[in-house]
Amino acid sequence: GASLVLPAAFGNIYLGEPFRAIVTATSASNRTMSLVTLTLDIVTPSSRSYLLADSRTRATLAPETGCVEQQIEYALVEAGPHVLNCTAAFELEGDSEVQTVRQNFRFNVLVPLKLAIHVEPLLEQQHQNQAPHFNNNNNMLHDAGSLGHDYIVRVSITNVMQTPITSLEAQVLPASPDSFAITALSVSSNPTTAATGDQDENIVNSDKLQRLLRQQKLGINPGDTHALLFLACPSRALLASRRGGVPQVIGNVDLCWRSVHGDDASLTCAGTVYEPSRADTDLSVAITAVPRDLHALEPFEVQCRVINHSDTPRRVYVQVRRDLVGEIVPVGVSGKSLSAMPPQTFRNVVLTFVALSAGAHNFYGVRAVDIDSRVSYNADAIQLLIQKIADR
């Protein structure tokens, strides 16, 4: 009869990479045979695709050594278990009966890259060209501003394969042409004019350096993560048609890269970018900045951000509850009264603290209080590592 030869394993097969295989129908008979048909199909978790449908080759195979090879290629667009089915129909010399031989190969398609997408509003600063000012308690009130309509999109890509990849590129395509304008935040495509006077071609001036940077392709080793930033700006038509603040789809993430074997791979719609849902509270407060090196008994400044998510002005008091601060206590006043915050705006407040002892301490106790409703909103606790003074 005839035999279909397939390898014991294809190795790791990943989504987005081209699947290629050579199927060989080899004669195992001592008589001449004719290969009547050869059918190849692949079954995915959701569909069946025919790669070679009832090919009537009528190839004559010599006894024991004759063979027919068929190369196939299939774009893997779905993760999960796959089955490659191979069926050959043949006739032996002197025998009018058509015989059939079947073989299948099961393999699993793995996800190569893991995406994490984070979207947050771009805060529109109202004091960009002004120096920070101080209140009567010497607590510095930095920039204030509003919650803009634009968004910063952070796409974190993790290589979950066992091999490195190169030439990785990512783009966020708008959900529709008239919805969002999306720009990658990367090296400028128009570098500044290079300084004159470089006679030696081996000297890398600023213009050459910019070109080299743009020509570099991103590579990620196994287990590593790289983050890319995009700016998404809604169109005027989209802003005018908004109703009820329903979150919109900003766009889809497309990826392409080169595998360790040199194959070009790509994933279309690898992830979907949505507008962030509207906050479920009227106010929120968060700790946004803490110095890197902290030492016991030395004061340090902490920046907190208060956001008015509501559609009405709010009078807010930022407070540090002394009964909850533990080993990190405020210096001087423990609160700050903000003037009426307009709707959809934020304020940054800087307060001073000191750690009473070294070690790892939970920093909590910061909250924002709505003066009129007396409802309080707590900032999430963070952990700070305090060093001894002698450790510097």
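The numbering scheme is per chain: residues are counted from 1 as the chain's sequence reads. Totals for whole chains, interfaces and linings use every residue, but because this is a predicted model, local features are given only for residues with pLDDT of at least 70 and side-chain atom pairs only at 80 or more, for both listing and counting. Note: side-chain values were computed over all heavy atoms of the structure, leaving out hydrogens and water.

**Concerning the overall build of the protein**
The test is simple: Secondary structure is summarised from DSSP: a helix means a run of H or I of at least four residues, a strand means a run of E of at least two, and numbering begins at the N terminus for each. To sort residues, take the accessible area from a 1.4 Å probe on protein chains only and compare it with the maximum for the residue type: under 20% means buried, over 50% means exposed, and anything in between is partly exposed. Contact definition: two residues touch when any of their heavy atoms are within 4.5 Å. Each accessible area value is a Shrake-Rupley result obtained with a 1.4 Å probe; residue values ignore everything except the protein chains displayed when judging cover.
Per the secondary structure count, the protein includes 2 helices and 28 strands. Of all 392 residues assigned to the protein, the portion counted as buried reaches 37%. The contacts of the protein with a sequence gap of at least 6 include a subset with a gap of at least 24, amounting to 71%. When the accessible surface of the protein is summed, it comes to about 22000 Å², and 48% of that surface belongs to carbon and sulfur atoms.

**Let's talk about the sheet that holds strand β21 (residues 314-320)**
Worth spelling out the cut-off: Between any two strands, pairing holds if DSSP finds at least two bridges. To get an axis, a line is fitted to the C-alpha atoms, and for a helix only the part in contact is used. The angle between two axes follows their N-to-C directions and goes from 0 to 180 degrees.
Pairing within the open sheet is antiparallel, and its 4 strands lie in the order β23-β21-β26-β27. Each edge of the open sheet is held by one strand with a lone partner, namely β23 (335-341) and β27 (376-378). In this sheet, adjacent strand axes meet at a mean angle of 20 degrees when their direction is disregarded. Where β21 meets β23, 5 bridges bridge the pair, whose relative direction is antiparallel. Note on β23: the bridge partner recorded for Tyr317 is Ser337.

**Side note on the pairing of strand β20 (residues 300-308)**
The buried fraction of β20 is high, at 7 of 9 residues. Note: strand β19 (residues 283-289) against β20, 6 bridges, orientation antiparallel. The residue bridging Leu283 from the neighbouring strand is Asn308, located in β20. For β20 and strand β24 (residues 345-355), the ladder comprises 9 bridges, and the chain directions are antiparallel. Each bridged residue has a counterpart across the sheet, and for Val302 the counterpart in β24 is Leu351.

**A look at the nonpolar core**
Where a protein is soluble and globular, its nonpolar side chains tend to be buried together. Rule in force here: Buried residues of nine kinds, namely Ala, Val, Leu, Ile, Met, Phe, Trp, Tyr and Cys, make up a nonpolar core once their side-chain atoms join them within 4.5 Å.
Phe19, Phe107, Ile157, Ile250, Leu255 and Trp257 are the most contacted members of the largest nonpolar core, which totals 51 residues. Of all hydrophobic cores here, the second largest spans 29 residues; its members include Cys304, Val306, Val316 and Leu351.

**A look at the pattern of salt bridges**
A side chain with one charge may pair with a side chain of the opposite charge, provided their charged atoms come close. Note the cut-off: Each reported salt bridge corresponds to a side-chain nitrogen of Lys or Arg within 4 Å of a carboxyl oxygen of Asp or Glu.
Enumeration according to the criterion identifies 7 salt bridges in this entry. One salt bridge connects Arg20 with Glu73, and the closest N-O pair in it is separated by 3.4 Å. Highlighted residues: Arg20 in strand β3 (residues 18-27) and Glu73 in strand β7 (residues 67-75), separated in sequence by 53 residues. Classification of Arg20 as partly exposed rests on a relative accessible area of 41%. A salt bridge links Asp370 to Arg314; its shortest N-O distance comes to 2.8 Å. Highlighted residues: Asp370 in strand β26 (residues 366-370) and Arg314 in strand β21, separated in sequence by 56 residues. Note on Arg314: relative accessible area 16%, which makes it buried. Each of Arg20, Glu73 and Asp263 takes part in a single network of salt bridges with overlapping partners.

**Side note on the side chain of Thr345**
Here is the rule we go by: Any pair of N or O atoms that falls within 3.5 Å is considered a polar contact. Within protein, one atom must be able to donate a hydrogen and the other to accept it, and sequence-neighbouring residues count only if both atoms are side-chain atoms.
Tracing the backbone shows Thr345 in strand β24. A residue is classified by how much of its surface remains accessible, and Thr345, at 7% relative accessible area, is buried. Engagement of the side chain of Thr345 in a polar contact is seen with the backbone oxygen of Pro342, the distance being 2.5 Å.

**Things to note about the sheet that holds strand β15 (residues 218-220)**
The 4 strands are arranged β15-β13-β17-β18 in an open sheet whose pairing can be described as antiparallel. Lying at the two open borders of the sheet, with one neighbouring strand each, are β15 and β18 (264-274). When strand polarity is set aside, the average angle formed by the axes of neighbouring strands in this sheet is 35 degrees. The pairing of strand β13 (residues 165-174) with strand β17 (residues 249-258) spans 7 bridges and is antiparallel. Each residue of the ladder has a partner; that of Thr166, found in β17, is Arg258.

**Observations regarding unusual backbone geometry**
With a phi close to 55 degrees, Gln344 is a non-glycine residue in the positive phi region. As for its position among the elements, Gln344 is in the loop between β23 and β24.

**A short note on the environment of Ala181**
The topology assignment puts Ala181 in strand β14 (residues 180-184). For Ala181, a relative accessible area of 46% gives the class partly exposed. Considered as a pair, Ala181 and Leu231 are 50 residues apart in the sequence and their alpha carbons are 8.0 Å apart.

**Digging into the side chain of Asn348**
Among the structural elements, Asn348 can be located in strand β24. Of note is the side chain of Asn348, whose polar atom sits 2.9 Å from the side chain of Arg305.

**What about the environment of Val23?**
Structurally, Val23 can be placed in strand β3. Taking relative accessible area as the criterion, Val23 reaches 1% and is therefore assigned buried.

**Here's the deal with the packing of aromatic side chains**
What counts, and what does not: Put simply, two rings from Phe, Tyr or Trp (the six-membered ring, in Trp's case) pair if the centres are within 6.5 Å, and we call them stacked under 30 degrees between planes, edge-to-face over 60, tilted for the rest. Two limits define a charge over a ring: the Lys NZ or Arg CZ must be within 6 Å of the ring centre, and within 35 degrees of the ring normal.
Taken as a whole and assessed by the stated rule, the structure comprises 4 aromatic pairs. Their ring planes at 25 degrees and their centres at 6.2 Å tell us that Phe105 and Phe107 sit as a pair that is stacked. Every member of this aromatic cluster is reached through a ring pair, and the members are Phe19, Phe105 and Phe107. The aromatic ring of Phe346 is capped on one face by Arg305, whose charged end is 5.3 Å from the ring centroid.

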